[in-house]
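Listed below, chain by chain, are the residues.
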Amino acid sequence: MADRDTLPLPLEVRARLAELELELSEGDITQKGYEKKRSKLIGAYLPQPPGMEPSMGQERRTPVTPSSSSRYHRRRSSGSRDERYRSDVHTEAVQAALAKHKERKMAVPMPSKRRSLVVQTSMEAYTPPGEEHVGRQDTSSGSEGEGSGPGNGTPTSSQEGSINMEHWISRAIHGSTTSSTTSSSSTHSGGSGAASRLADVMAHAHLSKSGPIAHLSLKRRAKPGPRVENGSSGGPRRSCEFGAEHGWQRAASDENHSAPPDVTGYTNTTDSILMERPQVSSNTVPNRPVPKYGNAELMETGDGVPVSSRVSAKIQQLVNTLKRPKRPPLREFFVDDFEELLEVQQPDPNLPKPEGAQMISMRGDQLGVVTNWPPSLEAALQRWGTISPKAPCLTTMDTNGKPLYILTYGKLWSRSMKVAYNLLHKLGSKQEPLLRPGDRVALVFPNNDPAAFMVAFYGCLLAEVVPVPIEVPLTRKDAGSQQIGFLLGSCGVTVALTSDACHKGLPKGPTGEIPQFKGWPKLLWFVTESKHLSKPPRDWFPHIKDANNDTAYIEYKTCKDGSVLGVTVMRIALLTHCQALTQSCGYTEAETIVNVLDFKKDVGLWHGILTSVMNMMHVISIPYSLMKVNPLSWIQKVCQYKAKVACVKSRDMHWALVAHRDQRDINLCSLRMLVVADGSNPWSISSCDAFLNVFQSKGLKPEVICPCASSPEALTVAIRRPTDDSNQPPGRGVLSMQGLSHGVIRVDSEEKLSVLTVQDVGTVMPGALMCVVRPEGVPQLCRTDEIGEMCVCSIATGTSYYGLSGMTKNTFEVFPMNSTGAPISEYPFTRTGLLGFVGPGGLAFIAGKMDGLMVVGGRRHNADDIVATALAVEPMKFVYRGRIAVFSISVLHDERIVVVAEQRPDSTEEDSFQWMSRVLQAIDGIHQVGVYCLALVPSNTLPKTPLGGIHLSETKQLFLEGSLHPCNVLMCPHTCVTNLPKPRQKQPEIGPASVMVGNLVSGKRIAQASGRDLGQIEDNDQARKFLFLSEVLQWRAQTTPEHVLYTLLNSRGTIASSLTCVQLHKRAEKIAAMLAERGHLQDGDHVALVYPPGIDLIAAFYGCLYAGCVPITVRPPHPQNIATTLPTVKMIVEVSRSACVMTSQVICKLLRSKEASAAVDVRSWPPVLDTDDLPKKKPPLLYKPSNPDTLAYLDFSVSTTGMLAGVKMSHTATSAFCRSIKLQCELYPSREVAICLDPYCGLGFVLWCLCSVYSGHQSILIPPSELEVNPALWLLAVSQYKVRDTFCSYSVMELCTKGLGLQTESLKSRGLDLSRVRTCVVVAEERPRIALTQSFSKLFKDLGLHPRAVSTSFGCRVNLAICLQGTSGPDPTTVFVDMRALRHDRVRLVERGSPHSLPLMESGKILPGVRIIIANPETKGPLGDSHLGEIWVHSGHNASGYFTVYGDEALQSDHFNSRLSFGDTHSLWARTGYLGFLRRTELTDASGERHDALYVVGALDEAMELRGMRYHPIDIETSVIRTHKSITECAVFTWTNLLVVVVELDGSEQEALDLVPLITNVVLEEHYLIVGVVVVVDIGVIPINSRGEKQRMHLRDGFLADQLDPIYVAYNM
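Residues numbered from 1 in each chain as written. Predicted model: local features only at pLDDT ≥ 70, side-chain atom pairs only at ≥ 80, totals over all residues. Heavy atoms only, no water.

**Comments concerning the confidence of the model for the chain**
- Looking at the chain, pLDDT values average 79 and 78% of them are 70 or higher.
- Note on residues 120–308: pLDDT is under 50 here. Beyond four places in sequence and across chains, it has 331 contacts.
- Low pLDDT, under 50, characterises residues 325–343; the predicted model gives this stretch 45 contacts beyond four residues in sequence or across chains. (pLDDT = per-residue confidence, 0-100. Contact = heavy atoms within 4.5 Å.)

Shown next as structure tokens:
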């Protein structure tokens, strides 16, 4: 850490600290243990707290030793502890960018998590609420960090003190906020050590341990305003503190001219500091005087569990955050109405454009063929194996760093021959050998056995078979192993060569055979150890040819999408490449080379296995396992063997720095070349600089460091030559990130923050030609100041992707063109996959890889750069071992950046969230690009590559499937998604008249339709002659007394009770008598009927009619849930002004129970009559109403928006209604109808209580509640009674679909037969649920159900049944409409399956006597066929008005008596409150007319106006439910223009966070909407009413009142 730069520590303490750091980076000790041990070690050397000795900082100038590990940050791209090369300059830039952001603080609403999701890892994480203010009397006023001075909230408990001190130490030591001092910024070396660091600690005031105070930054946003805050909150003390601090700053800068730049982003002048300092502290403290107490409502305890964080407050905060203008100018995408998104990107004239001349291709040196160069690699092996068999070829090490084995050239030659002989002659039979020359074989060798690999590789070359080296598969399902299998399959590999030890370690099946790995071809495993092979006969000799165009080997390469390709390298390319390397690196015979790289591919293979043999060099191979134990091992081997060359990666240099313990005996003067294999990575430069800095004193010469650039396709692209001239400094480029994102090289940038420093990777290889072409489109040469893809023309490159001719053409056969369009060479070039440019002097610079390229909004960003920025964010230790994955996903026609990081096991919610918000700010500040999603996963959970790095494509796959299981997610769609279609501007309203004229002119008919005319239908309907239902019942009781009207079934399917006409009549008479006698009721009094579904309810209803009372049916309270259901009953009773309540004995007891009195005031009930024991006598005379327009009954129901509305049904309307249904369904006394509905309101009540009496048919009543016991009850009854017509609700249909899905076979065997059903109608007041009806039809098709039979009805409050599929008439039709047009209230029909299509099913046939028109809900003008509008209805059975206590006439007259504003202005219509459209179909109805179908789209009340368009919740919900298998139900609503999505999760709570990105993506893609809040709840939380409709408004109220107990709430930024 930076401790060694600022504090003069004795060497042994430093050594101990270095060990501690290593342990921490290895994960051997926890952060807590590390901090404890570290503070112990350096406690004695710490400066006193400020205020004691202000002169301290300036005296001590310690020499610069960049051994700090906080400096180079971590990346584990390969290997369990790979490092990310952190450039110091970059860290400073990140800190500065963050400091800038503090001025416009991001107020990020913290997501709320259920406690079970918040894993407590350490005591520190949670400060009990009681201790919050102990000893911190002043922190809330914005004071400058704890322990930073005696007067500053003196600690009162020892624990508190230790936290303060700890915290202070860690800030002073990790001082990443000040500039650190590597040679890459050597001007700053020295710095003012502790002083500037302390000043910074005070400035940044990280109250990271102070529980809720740190949370304030997330809960409340600073109001912009004057920045002087000396007022109320701390008076003079504050200003004198600043004075003191400022003194420090000035002392530092006066004395030390090379003072580090003040990265806090402020100038060093007196007044500005005074003004701006409080602003910095706004990082954690709100920027306004906060009252000392009373912060409770905006705090959270340390683990992110709200104390009392009202959801509404968070949403308000989110809304405020989103109102702030976004910084990048939004390029509006113009959208013509609802046409496809047209991305009209207006090019910004100020964008940087390339201005240089066209580049010329760079030619490498002549490849000087030396006379003694061998004609092929096998020839070289033969030569050395026979001339100098004792010369060492390869030395392998064990994990203790002792030489394990020395392979000589003689042994390599004889063993390779043996392998070659056995491959060709001992596999298969003499007539049918298994392998022939040119066949491919797999090489499966572990990383610690290079000798066996080398023998096998050369054995293959000698046998002329093609080796395909791959990783050892560890399990059946390694990440990416399946793709390797595909590669082997496509290469036709049937034999795998492996070593003995590796063969033993492979997973085995029960009988000991090696299982077939997933996706792999069937392989024969061939062990290459000599003892298993037979000796070749004396006269056998391999055929050694000169290098030719045959394939030598295939190197595998993993692409961005995870697929694996094989790059074929020809023998001539192999040899030429070795020659070019020999020439550029100046290799000579018998040199010693230390190789730390993977020897199976890339630089490790080219230098350590191939070129070494050509030159008879001695390779010391350092296995990965040894590097883990001893990171210095490679340096020790260089010293021990006096090696001339070493091949390493940046991480190896980095580890050496971390582990370097002032070892006396290190001497690197023998090294003439240090090949840095990933030197082309922009972040390797700081490792190289720091390494040189430390080891220059140990004999390392600066010119020795040779970065190189390579790719699987082009092999070595460029390499820096080891020069003798140490005066020539290496090339450096400091490029503007802004420029790079536009593909332009700008060396200097106005913003010093966002720059990328790159080093040259030397010049082109000998014998090669290199140019740079535009990365997309035609391969045109770039200009000199343009970044493009490097292309190489040389013999020494790969020639193809095995078996993929198309991709090969695009990569290996590229003909770059100049500006005139002429090719620059007759020979093809190979694309390297590297992005860069050629600088002055022909030096190549690499700025990134094509694979890591993400094009967002037309600008290019490199994944590596973003990883580096994220890793430079404090606290760096937060990310577990630096494991961060960055990739882009495509959402709504653009790439979106996703960052996934593993967090340390001991980090708290609070840490995670702070880190996340800082990362967003840093990436925004430096790259000017928004991060779409930032996810944190637990440590060690991301899929790994064989060398331990992160498997990117697999991670992306998991993210998109929703199986990444993050523990924290932050989505920022509001800031990133700038290409939404423009919000729809409502046209200044065209008058309804012109709309009508427009429709006529364009030939559209006005949308109106009607059912059959009641007046013209001739039928022998006897009941027609009675005006009142009570008279119809008396007439039936006289003429057909024994005819059964009602049969009630119980859950076993047996008849519970039944009623004949006369029984019903007599029962009703007794009830009428009881009402008159006990209830003393007058004509017209209202009576509430509280009965379970059954026969008592029917009798009570007719009893009321006989007594002249007005019945109201009410659903009884649920005995298990009295607290929530009883208040609704009470409310209906009160609102309907019922004079008495009639009920059964059981419910009577329930209403008087203890639980009931707890829920409502029992004393205020009207008299309750129990009808179980009726009086014996009948009333003196039955009541006959004087006027058919008087009230027959009241129908009360709760709408989906949570409104309780009662409508008045007159006698006329009731009779008309029954007649209409009788005609539509052809009901006669001989018919039987099965009804499985709730009988309390709407059509359900009419069918259950009224229709049988009117039409005389028998109703088989099945209470839906009985289906919970026996789901098959309804269908069995339908089958048993041979019913032709049946009615049910959606909840019943769903219960059958879910409950009987797997039982159709057993039901069939029980004789269930549905073939007689001709109509099965779902009674509903919503858009038909087409998916449910279709799956129901499909499921029961095998049991004889005709799919045509299933249909729906439609009713609403003003008219309880407008449509109902009758027996005759055309089948219900389905159309597909464009969902985007629908949002604009237009109807556009599209083909099935076209994008954005929405299937809509007709809601049944319009009932006789019903007229319908579609009107504009705002202007009330009639609409044409193709428009979505409100359905208005005119009919004899319309309700006559709302029954309201206060008689709100205005509401009533509008809904029940509306007139069109134009056209037919005389008719009176009732407004249904539902949006829909009419469409004339090709079918004809009974009267021979063309049939008009009505399609209901959704309720006007529920439709959401967003971005000027109309959305129906069900459409968004359908999309969301499809996204993940664990989402069982979804409901959406809006709150302050934010879309809130609530989903029920059927799965473990760990899956909750997976859903957030998926839901956000799907709603963006399909609906062009940004989700504001995602709420994940348990199953059953979304309230559903008795009709099975979602109560979205109830849900909204519950959410805002914090009553949902959600698993997780995510606030999208």
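More follows now that the structure is in view.
**Some words on the pattern of salt bridges**
- Inspection of the entire model under this criterion finds 46 salt bridges.
- Across the pair Arg1318 and Asp1285 runs a salt bridge, and its minimum N-O distance is 3.5 Å. In this pair, Arg1318 is assigned in the loop between α40 (1304–1309) and β43 (1319–1322) and Asp1285 in strand β42 (residues 1285–1288), connecting sequence segments 33 residues apart.
- You can call Arg1318 partly exposed: its relative accessible area is 23%.
- Judged by its relative accessible area of 1%, Asp1285 falls in the buried class.
- Glu1430 serves as the salt-bridge partner of Arg1471, at 2.8 Å between the closest nitrogen and oxygen. You can see Arg1471 sitting in strand β49 (residues 1470–1484) and its partner Glu1430 sitting in strand β48 (residues 1429–1435), a full 41 residues away along the chain. (Salt bridge = Lys/Arg side-chain N within 4 Å of Asp/Glu carboxyl O. Helix = DSSP H or I, 4+ residues; strand = E, 2+ residues; numbered from the N terminus. Buried < 20%, exposed > 50% of the residue type's maximum accessible area, 1.4 Å probe, protein only.)

**What to know about the nonpolar core**
- Within the largest apolar cluster, 102 residues are counted, with the highest numbers of intra-cluster contacts made by Leu423, Tyr458, Leu497, Tyr553 and Leu610.
- Tallying contributions element by element places helix α14 (residues 450–463) first for this core, with 12 residues.
- Leaving out residues up to four positions away in the same chain, Leu610 has contacts with Leu377, Phe457, Tyr458, Tyr553, Leu574, Cys578 and Leu605.
- If you look at the next biggest cluster of nonpolar residues, it comprises 91 residues, including Ala1099, Leu1364, Ile1412 and Phe1456. (Core = buried A, V, L, I, M, F, W, Y, C linked by side-chain atoms within 4.5 Å.)

**Description of the packing of helix α30 (residues 1029–1039) against helix α32 (residues 1095–1107)**
- At a minimum axis separation of 9 Å, α30 and α32 run at an interaxial angle of 110°. It follows that α30 is roughly perpendicular to α32 by the angle criterion. Packed against α30, whose contacting residues are Leu1029, Ser1030, Leu1033 and Gln1034, the element α32 presents Tyr1102, Leu1105 and Tyr1106 at the interface.
- Here the contact of α30 with α32 is composed, by residue class, of 5 nonpolar, 2 polar and no charged. (Axes fitted to C-alpha atoms, helices over the stretch in contact; angles between N-to-C directions. Parallel < 35°, antiparallel > 145°, perpendicular 65-115°, else oblique. Nonpolar A, V, L, I, M, F, W, Y, C, P; charged D, E, K, R; others polar.)

**A few points about the environment of Ile1521**
- Of note, Ile1521 is situated in helix α44 (residues 1513–1523).
- On the basis of relative accessible area, Ile1521 is assigned to the partly exposed category, the value being 29%.
- Not counting residues up to four positions away in its chain, the partners in contact with Ile1521 are Ile1527, Thr1528, Glu1529 and Cys1530.

**Re helix α31 (residues 1061–1077)**
- With 17 residues, α31 should cover 24 Å at 1.5 Å per step; its first-to-last C-alpha distance of 25 Å lies within 8% of that length.
- Buried within α31 we find Cys1061, Val1062, Leu1064, His1065, Ala1068, Glu1069, Ile1071, Ala1072, Ala1073, Met1074 and Leu1075. (Expected span 1.5 Å × (residues − 1).)

**Focus on the sheet that holds strand β47 (residues 1410–1415)**
- Strand order in the open sheet formed by 5 strands is β31-β47-β48-β49-β50, and the pairing between neighbours is antiparallel. In the strand order of this sheet, the two ends are held by β31 (1008–1010) and β50 (1490–1499), each with one partner. On average, each strand axis in the sheet is tilted by 40° relative to the strand beside it, whichever way the strands run.
- Note that β48 and β49 share 4 bridges and pair antiparallel. Residue pairing across strands places Trp1432 opposite Arg1471, the latter belonging to β49. (Pairing = 2+ DSSP bridges.)

**Remarks on empty space enclosed by the protein**
- Of the pockets and cavities examined, the second largest cavity occupies roughly 180 Å³.
- The wall of the second largest cavity is formed by 14 residues, among which Leu740, Ser741, Arg860, Asn862 and Asp865 lie closest to the centre.
- The greatest single-element share of the lining of the second largest cavity, amounting to 4 residues, is contributed by strand β26 (residues 859–862). (1 Å grid on protein atoms, 1.4 Å probe; cavity = no way out; pocket = protein on both sides within 12 Å on 5 of 7 lines; lining within 4 Å. Points joined across faces, edges and corners; volume = space filled by probe spheres on them.)

**So, unusual backbone geometry**
- In this model, His965 sits at a positive phi of 50°, which is unusual for a non-glycine residue.
- Mapping His965 onto the fold places it in the loop between α27 (952–961) and β30 (968–971).

**Describing the sheet that holds strand β1 (residues 112–113)**
- Within the open sheet, the 5 strands sit side by side as β1-β56-β55-β54-β53. Their pairing is mixed. Each edge of the open sheet carries a strand with a single partner, namely β1 and β53 (1527–1535).
- Set on the sheet, α44 makes contact with β53 and β54 (1538–1545); between it and β53 the angle comes to about 140°.
- Contacting β53, β54, β55 (1571–1577) and β56 (1608–1611), helix α46 (residues 1592–1600) crosses the sheet at an angle of about 75° to β53.

**Side note on the side chain of Ser670**
- Along the chain, the position of Ser670 falls in the loop between α21 (650–659) and β14 (673–676).
- For Ser670, a relative accessible area of 16% corresponds to the buried category.
- In terms of polar contacts, Ser670 uses its side chain to reach the backbone carbonyl oxygen of Ala643, at 2.8 Å. (Polar contact = N/O pair within 3.5 Å; in protein donor to acceptor, adjacent residues only side chain to side chain.)

**Here's the deal with the packing of aromatic side chains**
- Applying the stated criterion across every chain, the model contains 26 aromatic pairs.
- Consider the rings of Tyr1193 and Phe1245, whose centres lie 4.8 Å apart with planes at 50°: the pair is tilted. Note that Tyr1193 is positioned in strand β38 (residues 1191–1198) and Phe1245 in helix α37 (residues 1242–1255), a separation of 52 residues in sequence. Taken as a pair, Tyr1193 and Phe1245 share a single burial class, namely buried.
- Following the ring pairs from residue to residue traces out a cluster consisting of Phe445, Phe453, Phe457, Tyr458, Tyr553 and Phe599.
- In this structure, Arg383 is placed above the aromatic ring of Trp384, and the distance from its NZ or CZ to the ring centre is 5.0 Å.
- Over the aromatic face of Tyr556 sits the side chain of Lys601, whose NZ or CZ is 4.3 Å from the ring centroid. (Phe/Tyr/Trp six-rings, centres within 6.5 Å; stacked < 30°, edge-to-face > 60°. Lys NZ or Arg CZ within 6 Å of the ring centre and 35° of its normal.)

**A closer look at the environment of Asp851**
- Locating Asp851 in the fold gives a position in the loop between β24 (844–849) and β25 (853–856).
- We classify Asp851 as partly exposed; its relative accessible area is 35%.
- C-alpha separation for the pair Asp851 and Gly833, spaced 18 residues apart in sequence, amounts to 7.1 Å.
- Apart from the residues lying within four places of it in its own chain, the contact partners of Asp851 are Thr558, Cys559 and Lys560.

**Considering a positive patch on the surface**
- A cluster of like positive charges, contributed by Lys32, Lys36, Lys37 and Lys40, occupies part of the molecular surface.
- Position of Lys36 among the secondary structure elements: in helix α3 (residues 31–42).
- We classify Lys36 as exposed; its relative accessible area is 63%. (Patch = residues over 30% accessible without salt bridge, like charges linked within 9 Å, V, L, I, M, F, W, Y side chains within 5 Å. Areas by Shrake-Rupley, 256 points an atom, 1.4 Å probe, with all protein chains shown as cover. Lys, Arg positive; Asp, Glu negative; His and termini not counted. Charge placed at Lys NZ, Arg CZ, Asp CG, Glu CD.)

**A few points about the pairing of β55**
- Of all 7 residues in β55, 7 are buried; the element is thus mostly enclosed.
- In the sheet, β54 pairs with β55 via 6 bridges, with the strands oriented parallel. Note that in β55 the partner of Val1541 across the bridge is Val1574.
- Handedness of the crossover joining β54 and β55 through helix α45 (residues 1552–1567) is recorded here as right-handed. (Right-handed = clockwise from strand over helix to strand, strands pointing away.)

**A word on the packing of helix α39 (residues 1290–1300) against helix α41 (residues 1330–1339)**
- Following both chains from N to C, one finds α39 and α41 inclined at 45°, their axes separated by 10 Å at the closest point. With respect to each other, α39 and α41 are oriented oblique. Here α39 runs over α41; the crossing is left-handed. Residues Tyr1290, Met1293, Glu1294, Cys1296 and Thr1297 of α39 touch α41, and the partners they reach there are Leu1332, Thr1333, Ser1335, Phe1336 and Leu1339.
- Here the contact of α39 with α41 is built from residues that sort into 6 nonpolar, 3 polar and 1 charged. (Left-handed = near helix turned anticlockwise from the far one by under 90°.)

**Details of the environment of Cys502**
- Position of Cys502 among the secondary structure elements: in helix α16 (residues 500–505).
- The exposure class of Cys502 is buried, given its relative accessible area of 8%.
- Considered as a pair, Cys502 and Val444 are 58 residues apart in the sequence and their alpha carbons are 8.0 Å apart.
- With sequence-adjacent residues up to four places away left out, Cys502 is seen in contact with Val444, Pro446 and Val472.

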